[in-house]
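Coordinates in review
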Amino acid sequence: MDNIFPVVQKNFMELSLFLSGLDLYKDLQKQHVLEDVYASLLKAYTLFDEGLCEAVPVCNKCNKNKDQLQKLVGIIDKCVADEKITDEAFAALHEFLDIIPQVLFEMKMIYLGSLSKTS
């Protein structure tokens with residue numbers, strides 16, 4: 001767990017910075033930006049699902065966040081294929097941006113809890 005936590009946390013922080021640096025309404029009209037967003041979200045989901053979830057038992061709240069991210073990846077994938085962003089995708093991205101700090105906080109608490117158990 002010591003190795004995967006920093007990787008997942010760093011990825012979520014980078015994703016948050018990347019997404020918050022975009023003008024979602026303007027930049028996501030560009031196909032290459034839409035593709036970059038999709039790739040970043042897919043990487044975050046893969047790390048979250050295959051890395052973090054194997055490293056520690058996760059709670060229902062984490063599973064809910066992971067499911068929300070999976071749904072968002074699917075929505076953005078469809079937008080990439082259709083070469084246009086949808087209102088549903090805008091709304092889902094905004095919702096996801098709101099939960100990134102929550103996900104980081106939850107990961108921090110799980111990590112700190114695991115340190116106290118090993119001490």
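Residues numbered from 1 in each chain as written. Predicted model: local features only at pLDDT ≥ 70, side-chain atom pairs only at ≥ 80, totals over all residues. Heavy atoms only, no water.

Membership of the largest hydrophobic core comes to 36 residues, with the highest contact counts inside it found for F12, L41, I76 and F96. Where this core is concerned, the elements lending two or more residues are α1 (4-20), α3 (31-55), α4 (60-82) and α5 (87-118). Examining the composition of this core, we find that eleven residues originate from one element, α5, more than from any other. Not counting residues within four places of it along the chain, the set of residues in contact with L41 comprises L15, L19, L69, L72, V73, I76, L93 and F96. (Core = buried A, V, L, I, M, F, W, Y, C linked by side-chain atoms within 4.5 Å. Buried < 20%, exposed > 50% of the residue type's maximum accessible area, 1.4 Å probe, protein only. Helix = DSSP H or I, 4+ residues; strand = E, 2+ residues; numbered from the N terminus. Contact = heavy atoms within 4.5 Å.)

Next up on the list: the confidence of the model for the protein. Confidence in the prediction for the protein averages 83 pLDDT; 86% of positions are at 70 or higher. Considering each helix and strand of the protein separately, the mean pLDDT is smallest for α5, with a value of 81, and largest for helix α2 (residues 24-27), with 88. (pLDDT = per-residue confidence, 0-100.)

Bringing the side chain of Q9 into the picture now. Within the element layout of this structure, Q9 appears in helix α1. In this structure Q9 comes out as buried when scored by relative accessible area, which is 18%. The residues touching Q9, leaving out its near neighbours within four places in the chain, are L104, M107 and K108.

This part covers the environment of L17. If you trace the backbone, L17 turns up in helix α1. Under the relative-accessibility criterion, L17 is labelled exposed at 64%. Taking the C-alpha atoms as reference points, L17 and L97, separated by 80 residues in sequence, lie 9.9 Å from one another.

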